[in-house]
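# Architecture at a glance
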Amino acid sequence: MASKTTVLTLPEDELVHPGNRACAGCGLSIAYRIALKALGRDTILVVPPSCLTVLQGLYPIAATQLPCLNVTFASTAAGATGVLGALRALGNTSTTVAAWAGDGGTSDIGIQALSGACERGEDFIFFCYDNEAYMNTGVQRSGTTPQGAITTTTPFSGKRQQKKDVPSIIAAHGIGYVATASASYPLDLFDKIKKAKTMSGPRYFHIHIPCPAGWGFEPRYAVKLGRMAVESGLFDLYEIENGKWRLTGASRKLIGGKRRPVKDYLETQSRFKGLSEKRIDKIQKEIDAKWDGYEQAMGAQKDIAGPDAE
Amino acid sequence: MHIIESGNVAAAHGVKLARAQVIAAYPITPQTPLTEKLSEFVEAGEMKAQYIPVESEHSALSVCIAASSTGARAFTATSANGLLYMVEQLHWAAGARLPIVMCVVNRGIGAPWTVWNDHQDAMSQRDAGWIQIYCADHQQIIDTVIQAYYLAETVSIPVMVCYDGYILSHTYMPFELTDPEKIDAFLPPYKPAYALDPANPANLNTVTLPDIRPDIRGQMAPGYMEIRHDLHVDLRRAIDVTADIDKKFSVAFGRGGNPFLEPYRCDDAEFVAVCLGSLSYHLRDVVDALRKEGIAVGVAGVRLYRPFPDQAVINLLVGRKAAIVFEKALSYGNQGALYGDIKAALYPCADRPLVHNYILGLGGREIQTAHLLDSLRTSCRTPDAIGDKPVWLGLKM
Ligand SMILES: Cc1ncc(C[n+]2csc(CCOP(=O)(O)OP(=O)(O)O)c2C)c(N)n1
Ligand code: SF4
Ligand SMILES: [Mg+2]
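Residues numbered from 1 in each chain as written. Chains lettered and ligands numbered in written order. Predicted model: local features only at pLDDT ≥ 70, side-chain atom pairs only at ≥ 80, totals over all residues. Heavy atoms only, no water.

### Re the overall build of chain B
On a plain count of helices and strands, chain B comes out with 13 helices and 18 strands. Relative to the compact-globule value of 21 Å for 397 residues, chain B shows a C-alpha radius of gyration of 21 Å, a close match. Overall, the C-alpha framework of chain B stretches about 70 × 50 × 45 Å when taken along its three principal axes. Counting over 397 residues, chain B shows a buried share of 59%. For chain B, the proportion of contacts with a sequence separation of at least 24, taken over those separated by at least 6, is 79%. On chain B, roughly 16,000 Å² of surface is accessible, and the fraction owed to carbon and sulfur atoms is 54%. Side-chain charges of chain B comprise 34 positive and 43 negative groups, with the mean position of each set lying 3 Å from the other. (Helix = DSSP H or I, 4+ residues; strand = E, 2+ residues; numbered from the N terminus. Rg over C-alpha atoms; globule rule 2.2 N^0.38 Å. Buried < 20%, exposed > 50% of the residue type's maximum accessible area, 1.4 Å probe, protein only. Contact = heavy atoms within 4.5 Å. Areas by Shrake-Rupley, 256 points an atom, 1.4 Å probe, with all protein chains shown as cover. Lys, Arg positive; Asp, Glu negative; His and termini not counted. Charge placed at Lys NZ, Arg CZ, Asp CG, Glu CD.)

Encoded structure:
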């Protein structure tokens, strides 16, 4: 097993330039910078309209050092398919093709193309960076906006529906690797990408991205907030490798331990200010039930909390 | 070697001879036999290409856009609602200046559902920035697919090769299957000006501002409007390039000679019928019959519809008594689109003819020779009585 990456062993090569157009405190800046280090220079990116388009810069200036194809909103996975098809036709089997879409570009408008590409077994890594709304267009609800969150299209009492479980939907395609990650645990993300790079076929990452502008918190708390989402058991770090599910990193450590009350997390963001005590209670109960399930499954299947991703 | 096959198979042979490297398509009637044939060629190892059976037309063109951006020769094909499902991607492909070739097997569009032929599908996309070429028979289909790559790659603009659903796609005709070596000598491999490459990274199709802007070296880069102006200028340039390619093709293969409009008995004609696609060959019989009645009439099929070959239209039509435009599509609420284009081209000319417009054959409504004969005869006998409104032919209620 590969040893865990630390800040000291992280590659020094910077592929995302500082001073790009992301907001101050943007979780995407952290995740993207670290992920591109893991992907390396022999990579072609495919990106639909999203905050990432803006982060990458306005013509003729680019904020990243990798070749990137900007594509239409619904077509990310099909775009990646086309790059792969051309690379195969030209005899290049070494370049990594990495698609990066927001939660809207992945779970809503882009899910058809993504499902098609997963079913065909395209040899790419698809990253969904989940800032839990359509941020680029001004914080409208998406399929992965969590219940209770106020957005500009759920303006008063917050979204009523559940967050769409996209990693499970993608895992149901039977692909070899599905992982969740968080911008607040960049080294966990880095090591998961390194692992994914050793595999072939479709690989899917779902990365939780704290977004100060859209969630309503001060930029300096971005990392802290992402951690609270994990520590409260609301967003879980796991991977599904060849069908085998297991918790990883900070989430794994929560098994048998104490989780932070979800209220702590919800209270930090203005998007949850419409939540009543009753609804917070309901969310807490849902988290508890989910974790009861994890603990029970752990009894049946030891390696749920087994060796970490390394 | 001549073979007898369907128009769809003729197109598939054109794609094979052009050595397309990435093919992505989604089935829709009447295009399906074309993509089935291509998947057959690929799976049988007769054609070295990546065939990608995508889950939608939107994705089909996405794959072509990305493959072309990565340096591969890309092909797709569709019809009707499939073309409309691609619309966002059509504009994208043109704006990104990608030399994709797509066969549009013309079919009416819903609602209500129809699977039969008219030209509304391609016509609705005439302003997308693509080149549009219409074919009148199987030989033109196979030859045009090959020439389309040459043209697309010369001007960096995608090309639609349009041919009539069923009337051409599903009928059998003999056509010549040229030797692959001769085609290779005619059509060099695709060499993109830039392709996605980790060794030479670039960010393609980035957000572009309304104004021009310096790059990091202080060099001024175009804004959106300059980029779009370039597309227009190069589309206009494509008219001359089309003529050059036609010449080159004629020399190599002995076919061609009419890259813009294909005239029949027009030399001494006082009246000229104009239309798109296979209808022009149908009209040849009608012209022959009217000639026997002593009417000096001819017909011209428009081959290149976008960019619009105004000068060729002027050269052909100025000095005639009337041009009679038969169309299987229209700009709803206005008039036939081709009719409008022809009138606009002729407007500056002092000696311009009258222009008539007949709308016919929508959703596969049978185009009866008797209707063509009657309407064309009326247009020629009483040209001043027709007026400036589209006349619908073959309406039964
Ligand atoms: C077909 C189409 N519909 C709508 C849009 C407008 N649009 C651009 S980005 C965006 C939201 C993106 O949301 P997400 O994918 O979550 O990324 P984020 O901006 O949150 O990073 C929308 C709705 C578009 N560009 N194309
Ligand atoms: S809106 Fe949110 S995700 Fe988008 S750049 Fe700003 S902080 Fe980042
Ligand atoms: Mg989002």
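### Topic: the sheet that holds strand β16 (residues 322-327) of chain B
Residue and element names in this part refer to chain B. Within the open sheet, the six strands sit side by side as β12-β14-β13-β16-β17-β18. Their pairing is mixed. Edge strands, defined here as strands with exactly one partner in the open sheet, are β12 (261-264) and β18 (391-392). Contacts from helix α10 (residues 279-292) reach β12, β13 (271-276), β14 (297-302) and β16 within the one sheet, and its direction differs from that of β14 by about 175°. Helix-sheet contacts for helix α11 (residues 310-317) involve β12, β13, β14 and β16, and the interaxial angle to β12 is about 15°. (Pairing = 2+ DSSP bridges. Axes fitted to C-alpha atoms, helices over the stretch in contact; angles between N-to-C directions.)

### So, the packing of aromatic side chains
For the structure shown, the criterion picks out 18 aromatic pairs over all chains. Measuring from centroid to centroid gives 6.3 Å for Y265 of chain A and F272 of chain A, while their planes differ by 50°, and the two rings are tilted. For the pair Y265 of chain A and F272 of chain A, a shared accessibility class is recorded, and that class is buried. Ring plane angle 70° and centroid distance 4.8 Å describe the contact between W291 of chain A and Y294 of chain A, whose orientation is recorded as edge-to-face. Of this pair, W291 of chain A and Y294 of chain A both sit in helix α12 (residues 277-300), separated by three residues, roughly a single helical turn. Each member of the pair, W291 of chain A together with Y294 of chain A, is buried. What links up through ring pairs into an aromatic cluster is the set Y32, W100, F127, Y177 and F205 of chain A. The ring of Y305 of chain B is capped by R306 of chain B, whose NZ or CZ atom sits 4.5 Å from the centre of that ring. (Phe/Tyr/Trp six-rings, centres within 6.5 Å; stacked < 30°, edge-to-face > 60°. Lys NZ or Arg CZ within 6 Å of the ring centre and 35° of its normal.)

### Concerning the site of ligand 2
The immediate surroundings of ligand 2 are formed by C23, C26, C51, N131, M135, C211, P212 and A213 of chain A. Residue composition of the shell around ligand 2, by class: seven nonpolar, one polar and no charged. (Near = heavy atom within 4 Å. Nonpolar A, V, L, I, M, F, W, Y, C, P; charged D, E, K, R; others polar.)

### Overview of the coordination of the magnesium ion (ligand 3)
Residue and element names in this part refer to chain A. Note on the magnesium ion (ligand 3): its protein donors are D103 (OD), N131 (OD1) and A133 (O). The metal-donor distances range over 2.0 to 2.1 Å. Within one chain, the residues donating to the magnesium ion (ligand 3) are spaced in sequence as D-x27-N-x1-A. Within this pair, whereas D103 is found in helix α4 (residues 103-108), its partner A133 is found in the loop between β4 (125-130) and α6 (166-171), the two being separated by 30 residues in sequence. On the basis of relative accessible area, D103 is assigned to the buried category, the value being 1%. (Donors = N, O, S within 2.8 Å, 3.2 Å for Na, K, Ca; no water.)

### What to know about unusual backbone geometry
All names here are of chain B. Here the amide bond leading from G110 into A111 is cis, since omega sits at 10°, within 30 degrees of zero. Along the chain, A111 falls in the loop between β5 (101-106) and α6 (120-123). Residue P112 is reached from A111 by a cis peptide bond, and omega for that bond is -10°. Assignment of secondary structure puts P112 in the loop between β5 and α6. The backbone phi angle of R265 is positive, close to 50°, even though this residue is not glycine.

### Focus: the layout of surface pockets
In this structure, the largest pocket spans a volume of roughly 1,200 Å³. If you go around the largest pocket, you meet 38 residues; those closest to its centre are G95, A96, R97, N205 and I227 of chain B. Going through the elements one at a time, α3 (57-69), α5 (87-95), α7 (138-155), β9 (203-204) and α9 (224-253) of chain B are the ones with two or more residues in the lining of the largest pocket. The class makeup of the residues in the lining of the largest pocket is 21 nonpolar, ten polar and seven charged. Its boundaries defined by the atoms lining it, the second largest pocket holds a volume of some 600 Å³. Contributing to the lining of the second largest pocket are 25 residues, with Q162, K163, L234, F235 and K290 of chain A lying nearest its centre. Those elements that place two or more of their residues in the lining of the second largest pocket are α6, β6 (203-208) and α12 of chain A. For the lining of the second largest pocket, the class distribution of residues is twelve nonpolar, six polar and seven charged. (1 Å grid on protein atoms, 1.4 Å probe; cavity = no way out; pocket = protein on both sides within 12 Å on 5 of 7 lines; lining within 4 Å. Points joined across faces, edges and corners; volume = space filled by probe spheres on them.)

### Let's talk about the pattern of salt bridges
This structure, assessed with the given rule, holds 46 salt bridges over all chains. Across the salt bridge formed by E122 of chain A and R120 of chain A, the nearest N and O atoms sit 2.8 Å from each other. The buried category is assigned to E122 of chain A, whose relative accessible area is 6%. We note a salt bridge from R120 of chain A to E55 of chain B, for which the minimum N-O separation is 3.4 Å. Placement of the pair is R120 of chain A in helix α5 (residues 111-120) and E55 of chain B in the loop between β3 (50-52) and α3, with the two residues belonging to separate chains. Where salt bridges share partners, they join D130, E132, K163 and R271 of chain A into one cluster. (Salt bridge = Lys/Arg side-chain N within 4 Å of Asp/Glu carboxyl O.)

### Observations concerning the interface of chain A and chain B
With 41 residues of chain A at the contact, the number on the chain B side is 42 residues. Summed over both sides, the interface between chain A and chain B buries roughly 3,200 Å², with carbon and sulfur atoms accounting for 64% of that surface. Contact with chain B buries area across many residues of chain A, yet Y59, N70 and T72 of chain A alone supply 20% of it, more than any other trio. Applying the counting rule to chain A against chain B returns one salt bridge. For the side of chain A that touches chain B, the elements supplying multiple residues, two or more each, are β1 (43-47), β2 (68-70), α3 (76-89) and α5 of chain A. Split into classes, the residues belonging to the side of chain A that touches chain B amount to 20 nonpolar, 15 polar and six charged. Summarising the sheet, β2 of chain A and β9 of chain B pair through two bridges and their orientation is parallel. By the bridge assignment, C68 of chain A is partnered in β9 of chain B with N203 of chain B. (Buried area = accessible area lost by both parts, 1.4 Å probe.)

### Brief notes about the domain arrangement of chain B
Residues and elements named next belong to chain B. Domain parsing of chain B yields domain 1 (2-186) and domain 2 (262-392). If you average the C-alpha positions of domain 1 and of domain 2, the two centres end up 27 Å apart. On the domain 2 side, the residues contacting the 22 residues of domain 1 number 23 residues. Taking both sides of the interface into account, the surface hidden between domain 1 and domain 2 amounts to around 1,900 Å²; carbon and sulfur atoms contribute 53%. Ranking the residues of domain 1 by area buried against domain 2 places M123, R126 and Y134 at the top, with a combined share of 29%. Inspection of the region where domain 1 meets domain 2 yields two salt bridges. A salt bridge links K328 to D164; the shortest N-O distance between them is 3.6 Å. Viewed at the interface, domain 2 and domain 1 are joined by 13 residue pairs in polar contact (both at pLDDT 80 or more). (Domains from an automatic or database assignment. Polar contact = N/O pair within 3.5 Å; in protein donor to acceptor, adjacent residues only side chain to side chain.)

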